[in-house]
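The residues making up each chain are set out below.
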Amino acid sequence: MNTLINLAPIILMFVIFYFLLIRPQQKRQKQVKQMQSDLKKGDSVVTIGGLHGTVHTIDETIVVIEGGDGTKFTYDRSAIREVKSN
């Protein structure tokens, strides 16, 4: 019984870490993965490098983004940070 009382603060600390750090991060990763899988041609996107453009072509793992001056850049689908609302 005494060892359980001694371990209670450590167990409590792990529970707090789970709910404050681990769980929200998993939720964010799930939302990003969903956003990346819902990409479609014509979406305005921002990459993790800060490039703003429009999805020109999309494949399972590759996204071709058209910049403002008509240039086309090829990125991995995982490089898309957000989809901007028009």
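Here the structure is shown first, and the text comes after it.
The structure displayed is predicted, hence computed values, not measured ones.

## Observations regarding the overall build of the protein
Item 1. In terms of helices and strands, the protein carries one helix and five strands.
Item 2. Walking the protein from its N terminus toward its C terminus, one meets helices and strands in the order α-β-β-β-β-β.
Item 3. Over its C-alpha atoms the protein spans a radius of gyration of 21 Å, topping by over 25% the 12 Å that the globule rule assigns to 86 residues.
Item 4. Each of the 86 residues in the protein was classed as buried or not, and the buried ones make up 20%.
Item 5. Total accessible area on the protein is roughly 6,700 Å²; 60% of this is exposed by carbon and sulfur atoms.
Item 6. Taken together, the 11 basic and 8 acidic charged side chains of the protein have centroids lying 10 Å from each other.

## Quick notes on helix H1 (residues 2-37)
Item 1. Taking 1.5 Å as the rise per residue, H1 with 36 residues should run 52 Å; its terminal C-alpha atoms sit 51 Å apart, in good agreement.
Item 2. At Tyr18, H1 is bent by approximately 40°, the largest bend along its length.

## Remarks on the side chain of Thr47
Item 1. Structurally, Thr47 is set in strand E1 (residues 44-47).
Item 2. The class for Thr47 is buried, based on a relative accessible area of 1%.
Item 3. Discounting chain neighbours no more than four positions away, the residues touching Thr47 are Ile65, Tyr75, Ala79, Ile80 and Arg81.

## Points about the pattern of salt bridges
Item 1. Counted under the stated rule, the structure contains two salt bridges.
Item 2. Linking Asp43 and Lys40 is a salt bridge whose minimum nitrogen-to-oxygen distance equals 3.4 Å.
Item 3. According to the relative accessible area criterion, Asp43 is buried, its value standing at 11%.
Item 4. Two residues, Glu82 and Arg81, come together in a salt bridge whose shortest N-O distance is 3.7 Å.
Item 5. The exposure class assigned to Glu82 is partly exposed, which follows from its relative accessible area of 36%.

Quick notes on the rules
Residues numbered from 1 in each chain as written. Predicted model: local features only at pLDDT ≥ 70, side-chain atom pairs only at ≥ 80, totals over all residues. Heavy atoms only, no water. Helix = DSSP H or I, 4+ residues; strand = E, 2+ residues; numbered from the N terminus. Rg over C-alpha atoms; globule rule 2.2 N^0.38 Å. Buried < 20%, exposed > 50% of the residue type's maximum accessible area, 1.4 Å probe, protein only. Areas by Shrake-Rupley, 256 points an atom, 1.4 Å probe, with all protein chains shown as cover. Lys, Arg positive; Asp, Glu negative; His and termini not counted. Charge placed at Lys NZ, Arg CZ, Asp CG, Glu CD. Expected span 1.5 Å × (residues − 1). Bend = angle between axes of the 7 residues up to and from the residue. Contact = heavy atoms within 4.5 Å. Salt bridge = Lys/Arg side-chain N within 4 Å of Asp/Glu carboxyl O.

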